Amino acid sequence: MLLKRLKATHFKTYLQLDIDLSVENDRPIVLIGGENGGGKTTFFEAIYGALYGLHIPNAKVFRELVNAGIPKPDEAKIALEVHFSGKVLNEEQQYVLSRTYMLNAELKPVESVRLNMNGSIFQYGTATPLAQRAEQEAQVAKIIKANLPKELSRYFLFDAMEAGNLLKEDQLNRVIRENIENVMGFNKYLQLAKAAQNLFESHTAQRLAVEQEKKEYLGLVEQKKELDKKLQNARSRQQEALQYALTHRELYENLKNGLNQEVQIKNRIQQFEQQIDNIYKKETQYRNDVEAFTRGLEAHVFLPKLAESLKTEVSLILKAKNEAENEQKGFLSKEQIQAVSVKIVEYLVSNHLSNKDLTAQELAQYLLQNNGTNNAQDPYYFLEVAEIKALENLIQGTYMNPFPSLTQQQVELNIAVGQITSLKGQIETLKAQISGKDYNLLKMYEDTQSLAKHLEGEIAEYEKEIERISKRIAQFDIQVSEEPDPKYEALKKLRPFFEDVANQLLKSKKQQLELTMKQDLNLNLAAYRDVIDRVELSEDLRDLSFKLYHKAGNEIYLNQLNTASKQVVVQVLLKALHEYGDYDPPVMIDTVMGVLDKTSRSTILENYFPQLSHQTILLSSDSEITKENDLAKIESFVAKTYTLKRDKENQRTEVVAGYF
Amino acid sequence: MKKGLDISFVHYGIRRDDLDLIETLCTTHGLDADWVLEDLLKNLHEKRVSDADLDGKGIEKLIEKALSKVR
């Protein structure tokens, strides 16, 4: 099958597209460039839609698909037309397949399909009578299926990024098995074998003569069927879970990163809030300190100053007082003499020892005059004890003036307060970064992951149990009650026959696949260039495995390959399947370099794309296949180059000749 | 276009080389090759290209129908 031409009208970003895709034998590549958002994927969808039809369930979807520049979308017609050729019985057939979609008077989407095969027309649409439609539709479907069945299109018309994503899931062996089973057409033999086995078991049960045995046998068959149902159910649930994981992986990782970031953001917000709070606390403290300082201004400022100024004089006073006190030691003071005189006079009078009226005053006067009292003059006699103490405190006190510290605090506080607005701004910015996303998805994803794991165990148990029951069924002592029946005999042979067909076909193609893949991997798998000793496919399709071995003898584990290498493995497999499979389709790759690193890209460009298919359509951005370096590597194999130019204002994509 | 649609692929959905192997295996397994090809594989192919994918029950019915032609 060769794609010749694609036309699209009013389809998404394409108002009118008419592009020649024909290639020559020695120039099989059509290179189409486009910036991100330029219309590459829409181009891809146009080809896919033209071949298999668009799914337009309602007017809303229709309007979404109509070119945004159309003045009246409800009156627009979306038309896709693909021209292709294919060899049928050695004759070259030309096909033109057109699909038109519009809204009817009730605003319901209607479809019209027309296939022109070398002048024979098959046509049907929403309004075609049912019987006629079924017949025409079947013819069109038959022709498309003969060239490229829809279920295989995902292998040959694919987004390399999707392949890259798929392989991140460590499902490489499953992908390889599915590729081989589907593309090589082995699936149908396995399905036939399974259906034949089911039929054989129910026929056998009907033929058992002894009722008890029949009952037992049927019981086993029923058990097996039941387990088989559970197995299928578990497999499909596991498939769904794996698919869910695949589809949501990126979202999950983003959310998880987002959640981590949010936690970090919240922590930072908390730190900033704490910082602001501390500034306010310091400010309050500062105000209190200033107030206290003002209140105690004399103690903090004047007293130290006073002490400093009067220190000498006060010291002299204290010294004089001290000396006066020292001198007075051993002498009674006037007051003490007077007090003692009172006591003495009282004593003399009460004991009648005096014959003269003696007064305490006279006695004191006498003592003061005649006794050796300290007559030294205390120049500061007028100072009270408390005053002396105050003078001592004045000059001995340790003064700490808080003013310099308050000034420093004020400088720091001014800076800190100035930062509050900025800190609040940062908090607002950080708060805006908190997405408010629904993180329940994370739990759902993780639950699905663990479900997939759990189902894996369940599947293994079911398989084991089915194998056990199958063995018992096979060993059953079947004593048939009737004469040999050719139908039953034929049925009995069908399961082993179809399994044999599938395995023998695999065996006959295995060597070719292994050899081609080995050669291509040695060329294209940059990390293992020229060191792959063998590619090994197992011989039993029911338990198909795929292994790579290094020349040193060790196995190269597929799951341990980096993502780019995994993509190369799958692409190399695709090329081998394209070569040895039943169909002969073109290969169209969107995002051609997917996850490939620089070395892999260079190798793939030189060795892979030119050999991939008789027609390879590459949709690439200028950073994937660069005009400066990469284009030269494939230029001699390129039949046509185009660039998709996006007119942003008018929301349209135009196609121009040449690559960027 | 190296392959194209040959007669066997148009009729049976199977390439000529594969068909030869299937015919040989029919003999090995004691099955009538004409019956296998015409009543099973050709019918299956026709169903597959004109209908949606057959499920297990659909294939069982197809085999039952083919068995009715065994003599």
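What counts as what
- Along each chain, residue indices are assigned from 1 in the same order as the chain's sequence is written.
- Both sets of labels track the order of writing: A upward for chains, 1 upward for ligands.
- Residues qualify for local features only when their pLDDT is at least 70, as the model is predicted, and side-chain atom pairs are given and counted only at 80 or more; totals for whole chains, interfaces and linings, by contrast, use all residues.
- Heavy atoms throughout the structure, all of them, feed into the side-chain values; hydrogens and water do not.
- A run of H or I in DSSP counts as a helix once it spans at least four residues, and a run of E counts as a strand once it spans at least two, with each numbered from the N terminus.
- Three exposure classes are used, based on accessible area relative to the maximum for each residue type with a 1.4 Å probe and protein chains only: buried under 20%, partly exposed in between, and exposed over 50%.
- Pairs of residues are marked as contacts when any of their non-hydrogen atoms sit within 4.5 Å.
- Here the open area of atoms and residues is found with the Shrake-Rupley method and a 1.4 Å probe, where only the protein chains shown may cover a residue.
- For Phe, Tyr and Trp, where Trp contributes only its six-membered ring, two rings pair if their centres lie within 6.5 Å, and the inter-plane angle classes them as stacked under 30 degrees, edge-to-face over 60, or tilted in between.
- As a reminder, the over-ring test applies to NZ of lysine and CZ of arginine, requiring each to be within 6 Å of the ring centre and within 35 degrees of the ring normal.
- DSSP-based pairing: two strands are paired if at least 2 bridges between them are found.
- In this analysis an axis means a line fitted to C-alpha atoms, helices contributing only their contacting stretch, and an angle means the value between N-to-C directions, from 0 to 180 degrees.
- Should the near helix be turned anticlockwise from the far one by less than a right angle, the crossing is termed left-handed; should it be turned clockwise, right-handed.
- In the scheme used here, Gly and all other residues not listed as nonpolar or charged are polar, with Ala, Val, Leu, Ile, Met, Phe, Trp, Tyr, Cys and Pro taken as nonpolar and Asp, Glu, Lys and Arg as charged.
- Counted as salt bridges are all cases of a side-chain nitrogen of Lys or Arg within 4 Å of a carboxyl oxygen of Asp or Glu.
- Charge assignment in this entry is limited to Lys and Arg as positive and Asp and Glu as negative, and neither His nor the chain termini are counted.
- Identification of polar contacts relies on pairs of N or O atoms within 3.5 Å, with a donor-acceptor requirement for protein atoms, meaning one able to donate a hydrogen and the other able to accept it, and with residues adjacent in sequence counted only if both atoms are side-chain atoms.
- The term buried area denotes the loss of accessible surface (1.4 Å probe radius) that occurs when two parts are joined, taken as the sum for both partners.
- The quantity called pLDDT is the predictor's confidence in a given residue, expressed from 0 to 100.
- With its strands directed away from the observer, a crossover is right-handed exactly when the path from the first strand over the helix to the second travels clockwise.

Asker: I keep staring at the overall build of chain B and nothing clicks. Help me out?
Answerer: Counting its regular elements, chain B contains four helices and zero strands. The helix and strand sequence of chain B, counted from the amino end, reads α-α-α-α. The 71 residues of chain B split such that 48% are buried. Sequence separation of at least 24 residues holds for 37% of the intrachain contacts in chain B that already meet a minimum separation of 6. Carbon and sulfur atoms make up 50% of the accessible area of chain B, which totals about 3700 Å².

Asker: What is the right way to read the packing of aromatic side chains from this model?
Answerer: The description of two aromatic rings rests on the distance between their centres and on the angle between their planes. Under the criterion given, the structure shown has 11 aromatic pairs over all chains. One aromatic cluster in this structure is built from Tyr380, Tyr381 and Phe382 of chain A. Directly above the aromatic system of phenylalanine 9 of chain B lies the positively charged group of arginine 15 of chain B, at a separation of 4.1 Å from the ring centroid.

Asker: What am I meant to see in unusual backbone geometry here?
Answerer: Most of the time, phi is negative for any residue but glycine, and the peptide bond is trans. Residue and element names in this part refer to chain A. The phi dihedral of asparagine 118 is positive, around 45°, even though this residue is not glycine. You can see asparagine 118 is positioned in the loop between strand 6 (109-117) and strand 7 (120-125). Of note, the phi angle at histidine 352 is positive, near 55°, even though the residue is not glycine. Taking the relative accessible area as the measure of exposure, histidine 352 reaches 71% and is therefore exposed.

Asker: Is there a simple way to explain the environment of leucine 544 of chain A in this structure?
Answerer: All names here are of chain A. By the element assignment, leucine 544 lies in the loop between strand 9 (532-537) and strand 10 (546-550). Given a relative accessible area of 9%, leucine 544 falls into the buried group. For the pair leucine 544 and isoleucine 180, spaced 364 residues apart in sequence, the C-alpha to C-alpha distance is 9.3 Å. Setting aside residues up to four positions removed in sequence, leucine 544 forms contacts with Arg177, Ile180, Leu506 and Ser538.

Asker: Which parts of the structure should I look at to understand the sheet that holds strand 12 (residues 587-590) of chain A?
Answerer: To summarise the sheet geometry, strands pair through backbone hydrogen bonds and adopt either a parallel or an antiparallel arrangement. Residues and elements named next belong to chain A. With mixed pairing, the six strands of this open sheet are ordered in space as 8-12-13-3-14-15. Because the sheet does not close on itself, it has two edges, and the strands there are strand 8 (157-159) and strand 15 (652-657). Going across the sheet, the axis of each strand differs from the next one's by a mean of 20°, ignoring polarity. Where strand 14 (residues 638-647) meets strand 15, six bridges bridge the pair, whose relative direction is antiparallel.

Asker: Would you take a moment to explain the packing of helix 3 (residues 33-50) of chain B against helix 4 (residues 56-67) of chain B for this structure?
Answerer: For any two helices packed against each other, the geometry comes down to the angle between their axes and how far apart the axes lie. All names here are of chain B. Axis separation between helix 3 and helix 4 bottoms out at 10 Å; the angle between their running directions is 145°. The crossing of helix 3 and helix 4 is right-handed. Contact with helix 3, carried on its side by Trp35, Asp39, Leu40, Asn43, Leu44 and Lys47, involves Ile59, Leu62, Ile63, Ala66 and Leu67 of helix 4 and no other residues of that element. Per-class residue counts for the contact of helix 3 with helix 4 are eight nonpolar, one polar and two charged.

Asker: Teacher, can you tell me more about the pattern of salt bridges here?
Answerer: For side chains of opposite charge, pairing can occur when their charged atoms come near one another. All names here are of chain A. Summed over the entire model, instances satisfying the criterion amount to 33 salt bridges over all chains. Across the pair glutamate 137 and arginine 133 runs a salt bridge, and its minimum N-O distance is 3.2 Å. Here glutamate 137 pairs with arginine 133, and both are found in helix 3 (residues 130-147), just four residues apart, close to one helical turn. Given the relative accessible area of 32%, glutamate 137 is considered partly exposed. Judged by its relative accessible area of 17%, arginine 133 is buried. Linking arginine 601 and aspartate 630 is a salt bridge whose minimum nitrogen-to-oxygen distance equals 3.4 Å.

Asker: I would appreciate a short explanation of the side chain of lysine 40 of chain A in the present structure.
Answerer: Residues and elements named next belong to chain A. Its place among the elements puts lysine 40 in helix 1 (residues 40-52). With no salt bridge to any partner, buried lysine 40 finds its closest opposite charge in glutamate 624, at an N-O distance of 5.1 Å. Side-chain polar atoms of lysine 40 contact the backbone oxygen of glycine 34, separated by 2.9 Å.

Asker: I would appreciate a short explanation of the interface of chain B and chain A in the present structure.
Answerer: Often, the extent of an interface is quoted as the loss of accessible area upon association of its parts. Contacts between the two partners involve 40 residues from chain B, matched on the other side by 46 residues from chain A. In total, chain B and chain A occlude about 3800 Å² of area from one another, counting both sides; carbon and sulfur atoms represent 66% of this. Inspection of the chain B/chain A interface yields one salt bridge. Residues aspartate 18 of chain B and lysine 509 of chain A are paired through a salt bridge, measuring 2.9 Å at the closest nitrogen-oxygen approach. Linking chain B to chain A there are 10 residue pairs in polar contact (both at pLDDT 80 or more). For the side of chain B that touches chain A, the element with the highest residue contribution is helix 3 of chain B, accounting for eight residues. Its residues assigned to classes, the side of chain B that touches chain A comprises 22 nonpolar, seven polar and 11 charged.

Asker: Just checking my understanding: could you explain the sheet that holds strand 5 (residues 91-103) of chain A for this structure?
Answerer: All names here are of chain A. Reading across from one edge, 2-1-4-5-6-7 is the order of the six strands in this open sheet, with antiparallel pairing throughout. Looking along the sheet, the strands with just one partner apiece sit at the ends: strand 2 (14-20) and strand 7. Each strand axis lies, on average, 10° off the axis of its neighbour in the sheet, ignoring direction. Judged from the six bridges that link them, strand 1 (residues 2-11) and strand 2 form a sheet pairing that is antiparallel. Looking at strand 2, one finds that alanine 8 is bridged to leucine 17. On the sheet, helix 1 packs against strand 1, strand 2, strand 4 (78-88) and strand 5 and is oriented at approximately 105° with respect to strand 1. Against the sheet, helix 3 contacts strand 4, strand 5, strand 6 and strand 7, and its axis sits at roughly 120° relative to strand 7.

Asker: I tried to follow the confidence of the model for chain B on my own but got confused; where do I start?
Answerer: Residues and elements named next belong to chain B. For chain B, mean pLDDT is 88; residues scoring 70 or higher make up 93% of the total. The spread of mean pLDDT over the elements of chain B runs between helix 1 (residues 7-12), the lowest at 87, and helix 2 (residues 16-28), the highest at 93. Complex prediction metrics read pTM 0.67 and ipTM 0.96.

Asker: Hey, could you run me through the side chain of arginine 15 of chain B in this one?
Answerer: Along the chain, arginine 15 of chain B falls in the loop between helix 1 and helix 2. Within the buried set, arginine 15 of chain B has no salt-bridge partner at all; the shortest N-O distance to an opposite charge, 4.3 Å, is to aspartate 6 of chain B. Excluding residues that lie within four positions of it along the chain, arginine 15 of chain B makes contacts with Asp582 and Tyr583 of chain A together with Lys3, Gly4, Asp6, Ser8 and Phe9 of chain B.

Asker: Looking at this structure, how should I read the pairing of strand 13 (residues 616-620) of chain A?
Answerer: All names here are of chain A. Here strand 13 lies mainly inside the structure; five of its five residues are buried. Here strand 13 shows no split at all, with Thr616, Leu618 and Ser620 on one side and Ile617 and Leu619 on the other all buried. With five bridges joining them, strand 3 (residues 29-34) and strand 13 adopt parallel strand pairing. Its bridge partner being in strand 13, valine 30 is matched across the sheet by isoleucine 617. Sheet topology note: the strand 12/strand 13 ladder contains four bridges and is parallel. If you follow isoleucine 589 over to strand 13, its bridge partner there is leucine 618. Handedness of the strand 12-helix 17 (residues 598-612)-strand 13 crossover: right-handed.

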